[in-house]
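Coordinate inspection notes
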Amino acid sequence: MNGNTEPYRGFGHIAISVDNIEAACKRLEDAGYPFQKKLTEGRMKNIAFVKDPDGYWVEIIRRHDEDVGAATDPATYRLNHTMIRVKSAETSLKFYQEVMGMKLLRTWENKDGGFNLYFLGYPGSNPSVKEDAKNPVAEWEGLLELTWNYGTEKQEGKVYHDGNSQPQGFGHICKLKTVTSFPVDCLLTIAFPAGVSVDDIEAACARFESLNVEWKKRLTDGKMKNIAFILDPDGYWIEVIQNEGIKRTTDW
């Protein structure tokens with residue numbers, strides 16, 4: 001269950017930005033990995049989708065406006081974003097900005113296709129947005145892409161699969177970064193539900209409590225007292241953990 005087939009759509013893909021997209025795609029093809037979409041297929045000739053060993057989609061995009069060099073160096077690749085589908089753009093944007101402290105960096109409307117894309121991230125440890133670039137945030141790391149298909153907000157009940165109910169598949173993104181109102185550190189991983197690492201886990205959970213978030217697991221629940229889980233508006237899990245590297249020695 002890769003998140004892209006009915007009736008279990010939800011998680012969409014991760015995206016890797018590369019130095020030379022043609023060379024990178026050839027390297028993957030030569031290694032025997034199957035493609036969901038090659039560069040030469042479809043209308044969008046600037047992106048490709050390769051499948052990992054479990055069938056999850058990995059989008060390949062250019063890190064710069066033009067290819068760099070004639071070969072490709074995997075050491076220069078960046079994990080640019082993770083895409084999830086959301087029922088209501090308005091509700092999810094409010095949650096990720098006001099609760100999770102992220103900033104909306106780019107909006108891409110596709111009225112003919114009936115969907116919008118919203119890219120959110122934490123600016124602190126990323127380069128400035130290049131407004132004149134073909135993709136202004138292609139050089140960034142750790143973005144979250146929300147895909148909203150027109151009309152889903154009008155559907156009754158849960159629209160998308162969260163990856164943690166059966167059949168299980170995608171679990172979570174881990175978005176870590178330091179922002180003024182909500183301190184977290186900066187990384188992105190793919191594991192089980194979405195996670196943030198915070199400087200004071202008890203204070204962070206108290207803040208979430210004050211914002212009336214929906215909990216999957218409070219700190220006091222279960223045997224593991226050092227992690228908590230909250231749910232986003234579509235039921236995707238968000239893990240909250242203590243980041244010892246930025247742990248506060250005084251109160252917030």
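Residues numbered from 1 in each chain as written. Predicted model: local features only at pLDDT ≥ 70, side-chain atom pairs only at ≥ 80, totals over all residues. Heavy atoms only, no water.

**Quick look at the pairing of strand S8 (residues 143-149)**
Buried residues dominate S8, accounting for seven of its seven residues. Relative to S8, strand S7 (residues 115-121) is paired through six bridges, and the arrangement is antiparallel. By the bridge assignment, Tyr118 is partnered in S8 with Leu146. (Buried < 20%, exposed > 50% of the residue type's maximum accessible area, 1.4 Å probe, protein only. Helix = DSSP H or I, 4+ residues; strand = E, 2+ residues; numbered from the N terminus. Pairing = 2+ DSSP bridges.)

**Let's talk about helix H2 (residues 89-99)**
Listed in full, the buried residues belonging to H2 are Ala89, Ser92, Leu93, Phe95, Tyr96 and Val99. Taken from the residues just after H2, Gly101 is the one with a positive phi, measuring 75 degrees.

**So, the sheet that holds strand S6 (residues 103-110)**
Pairing within the open sheet is mixed, and its eight strands lie in the order S2-S3-S4-S1-S5-S8-S7-S6. The sheet terminates laterally at strand S2 (35-37) and S6, the two strands that pair on one side only. On average, each strand axis in the sheet is tilted by 25 degrees relative to the strand beside it, whichever way the strands run. Relative to the sheet, helix H1 (residues 21-30) contacts strand S1 (11-18), S2, strand S3 (48-51) and strand S4 (57-62), its axis offset from that of S4 by approximately 150 degrees. (Axes fitted to C-alpha atoms, helices over the stretch in contact; angles between N-to-C directions. Contact = heavy atoms within 4.5 Å.)

**Concerning the pattern of salt bridges**
For the structure on display, the rule yields ten salt bridges. Linking Lys130 and Glu139 is a salt bridge whose minimum nitrogen-to-oxygen distance equals 2.7 Å. Residue class for Lys130 comes out partly exposed when judged on its relative accessible area of 40%. (Salt bridge = Lys/Arg side-chain N within 4 Å of Asp/Glu carboxyl O.)

**Looking at the nonpolar core**
Core analysis: the largest hydrophobic core is formed by 46 residues, its most contacted members being Ile60, Tyr96, Met100 and Leu146. By residue number, the principal contributor to this core is H2, which donates five residues. (Core = buried A, V, L, I, M, F, W, Y, C linked by side-chain atoms within 4.5 Å.)

**Regarding the confidence of the model for the protein**
Confidence along the protein averages 87 in pLDDT terms, with 87% of residues attaining 70 or more. Note that pLDDT drops below 50 for residues 176-193; the model gives that stretch 71 contacts with residues more than four away or on any other chain. (pLDDT = per-residue confidence, 0-100.)

**Structural notes on the pairing of S3**
One ladder, built from two bridges, connects S2 with S3; its direction is antiparallel. Following the sheet pairing, Lys37 is matched in S3 by Phe49. Two elements, S3 and S4, share four bridges in a ladder whose sense is antiparallel. Of the residues in S4, the one forming a bridge with Val50 is Val58. Hairpin connection from S3 to S4: five residues lie between these consecutive antiparallel strands, with Gly55 at a positive phi of about 85 degrees.

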